[in-house]
There are 2 protein chains.
Amino acid sequence: MPVYKLTYFDVKALAEPIRMLLTYMGHEFEDVRLSFEEWSKIKSSSPFGKLPTLEIDGKVITQSAAICRYLGREAKLAGDNPMEDMNIDIIVDTFTDFRKDISAFHHEADPEKKEQKRQTLLKETVPYYFERFDRIVKENNGYLANGKLSWVDIYMLGLSDTVIAQLNDDVFEKYENLSQWKNRIASIPSMKTWIAKRPVTRL
Amino acid sequence: MPVYKLTYFDVKALAEPIRMLLTYMGHEFEDVRLSFEEWSKIKSSSPFGKLPTLEIDGKVITQSAAICRYLGREAKLAGDNPMEDMNIDIIVDTFTDFRKDISAFHHEADPEKKEQKRQTLLKETVPYYFERFDRIVKENNGYLANGKLSWVDIYMLGLSDTVIAQLNDDVFEKYENLSQWKNRIASIPSMKTWIAKRPVTRL
């Protein structure tokens, strides 16, 4: 079995979908959590100066979605054909678009502007995306794509707690199908075990 | 043969890799180019309010990278195994990170701040990414991944002219291997034909 070493900060965010997929597959992995100071010392040796990185048998790879697509295929959580794979990828990239808006709010330094951005997110951006995700889940047998469990379900579950913490609002629980979806994916035995044992972090 | 309808604005940008891949595959497609006014009228009927969209036999799909990954597979320009696919995906998403920085500059309203951002891009961001892309091309037999032509080569070629126009600087030609790479991909007969016949747009 390959040796996996995941390197990120001590938060869930972009590393959590990878941690969850490795756990789902029953793979042990080294879960390295760097301080910003530690990261600044080794940043220049990283392929593109970004985290997370996953080392598989010493080969360092980057880009969380690319890593998850790879692991998802290995976990038999990819699509059954190219069209199904595309349906998965569309949700992944649309969720990334949504998170880009969250990120712009999260990194806003001015407290007044930040609160304004938060209100826009909660009143416009979240409803826009989440009504659509909610409908997709409803039309897909309780999953995000292709009417069955795929890696995008674990991908979005992994990122969901960070989104909730950043917005300081459980935006998932306001949407009936999405709320049920989140409980459904978090109740997969391996996910339940991981969520119970993972380090407690705010983000 | 499926009927393809691509909808975007009258620029290259995110639609150009799709136009190029369809051309590479020898597929005829309807190349719809909307004004912003036309788009504002039909935006609400689009799956996530974003362009480009590609209709394949009436099914409307979104997200340019997801579309290109799908078409790339159909064009036999995907990897030969999951690891090769991941190598392609890493370059795609890293180039997206780079374009995010360009986009922040491009949409800056304040002319003074915009010029500052441009200088940071040209002096720091472009060299950081492009030295690495240049090395990757050198190590991959003149291509961006796996030592052979893949859809990421056409993907980046499609976006390159918009990057150059946004920066108002041919940043590709300053890097020996990247410059040769761009000429190599643009010289593929179908690409050459498309570039000669496509509508002339600044972006």
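Residues numbered from 1 in each chain as written. Chains lettered and ligands numbered in written order. Predicted model: local features only at pLDDT ≥ 70, side-chain atom pairs only at ≥ 80, totals over all residues. Heavy atoms only, no water.

Turning next to the sheet that holds strand β4 (residues 59-62) of chain A. All names here are of chain A. Spatial ordering of the open sheet is given by β2-β1-β3-β4, a layout of four strands whose pairing is mixed. One side of each edge strand has no neighbouring strand; the edge strands of this open sheet are β2 (29-34) and β4. Shown here is a sheet whose adjacent strand axes are inclined to one another by a mean of 20 degrees, direction ignored. Contacting β1 (4-9), β3 (53-56) and β4, helix α3 (residues 64-74) runs over the sheet at an angle of about 115 degrees to β4. (Pairing = 2+ DSSP bridges. Helix = DSSP H or I, 4+ residues; strand = E, 2+ residues; numbered from the N terminus. Axes fitted to C-alpha atoms, helices over the stretch in contact; angles between N-to-C directions. Contact = heavy atoms within 4.5 Å.)

Mapped onto the present numbering, the UniProt feature "domain: GST C-terminal" (unreviewed entry) falls on residues 81-203 of chain A. Span residues 81-203 of chain A is 74% helix and 0% strand, its end C-alpha atoms 35 Å apart. (UniProt positions renumbered as here; feature names shortened; annotations may be inferred.)

This part covers the interface of chain A and chain B. Across the boundary between the two partners, chain A contributes 32 residues, which contact 32 residues of chain B. Together chain A and chain B conceal approximately 2900 Å² of surface at their shared face, both sides included; 60% is due to carbon and sulfur atoms. A per-residue breakdown of the area chain A buries against chain B is headed by F48(A), Q63(A) and M86(A), which together make up 23% of the total. There are six salt bridges connecting chain A and chain B. With its nearest N and O atoms 3.5 Å apart, the salt bridge here joins D97(B) to K50(A). Put simply, chain A and chain B have 18 residue pairs in polar contact (both at pLDDT 80 or more) between them. When residues of the side of chain A that touches chain B are traced back to their parent elements, those giving at least two are β4, α3, α4 (82-106) and α5 (111-139) of chain A. A per-element tally of the side of chain A that touches chain B places α4(A) first, with eleven residues. Of the residues belonging to the side of chain A that touches chain B, the class tally is 15 nonpolar, seven polar and ten charged. (Buried area = accessible area lost by both parts, 1.4 Å probe. Salt bridge = Lys/Arg side-chain N within 4 Å of Asp/Glu carboxyl O. Polar contact = N/O pair within 3.5 Å; in protein donor to acceptor, adjacent residues only side chain to side chain. Nonpolar A, V, L, I, M, F, W, Y, C, P; charged D, E, K, R; others polar.)

Turning next to helix α7 (residues 176-186) of chain A. Here α7(A) has its buried residues at N177(A), L178(A), S179(A), W181(A), K182(A) and I185(A). Against the buried residues of α7(A) lie α5, α6 (151-167) and α8 (189-197) of chain A. (Buried < 20%, exposed > 50% of the residue type's maximum accessible area, 1.4 Å probe, protein only.)

A few words now on empty space enclosed by the protein. Rolling a probe over the atoms, with the probe sized like a water molecule, indicates the empty space that remains. Within this structure, the stated rule accounts for three cavities of 30 Å³ or more. Approximately 140 Å³ is the volume found for the largest cavity. Put simply, the parts of the chain that give the lining of the largest cavity at least two residues each are α3 and α4 of chain A together with α3 (64-74) and α4 (82-106) of chain B. With three residues, the single largest contributor to the lining of the largest cavity is α4(A). The wall of the second largest cavity is formed by A66(A), R69(A), Y70(A), R73(A), P82(B), D85(B), M86(B) and D89(B). Among the secondary structure elements, those contributing two or more residues to the lining of the second largest cavity are α3 of chain A together with α4 of chain B. Of the residues contributing to the lining of the second largest cavity, the split by class is four nonpolar, no polar and four charged. (1 Å grid on protein atoms, 1.4 Å probe; cavity = no way out; pocket = protein on both sides within 12 Å on 5 of 7 lines; lining within 4 Å. Points joined across faces, edges and corners; volume = space filled by probe spheres on them.)

Rotating chain A by 180 degrees and moving it 0.0 Å along the rotation axis overlays it on chain B with an RMSD of 0.0 Å. Both copies are brought into coincidence by an operation consistent with a two-fold rotation axis. A share of 100% of interface residues in chain A that are also interface residues in chain B marks the association as one of identical surfaces. (Least-squares fit on C-alpha atoms with pLDDT ≥ 70 in both.)

What follows concerns the sheet that holds strand β1 (residues 4-9) of chain B. Residues and elements named next belong to chain B. The mixed open sheet is built from four strands, whose spatial order is β2-β1-β3-β4. What marks the edges here is a single partner per strand, and that holds for β2 (29-34) and β4 (59-62). Strand after strand, the sheet turns through a mean of 20 degrees between neighbouring axes, direction not considered. As judged from the six bridges shared by β1 and β2, these two strands associate in the parallel manner. From the neighbouring strand, L6 faces β2, where its bridge partner is D31.

Under the feature "domain: GST N-terminal" (unreviewed entry), the UniProt entry names residues 2-79 of chain A. Taken end to end, residues 2-79 of chain A is 35% helix and 26% strand, and its first and last C-alpha atoms sit 24 Å apart.

Let's shift gears to the packing of helix α5 (residues 111-139) of chain B against helix α7 (residues 176-186) of chain B. Residue and element names in this part refer to chain B. Packing of α5 against α7 leaves a shortest axis separation of 7 Å and a crossing angle of 65 degrees. When the axis of α5 is compared with that of α7, the two are roughly perpendicular. Of the two possible hands of crossing, α5 and α7 adopt the one that is left-handed. For the pair α5 and α7, contact is made by F130, F133, D134, V137 and K138 and by E176, N177, L178 and W181, respectively. (Parallel < 35°, antiparallel > 145°, perpendicular 65-115°, else oblique. Left-handed = near helix turned anticlockwise from the far one by under 90°.)

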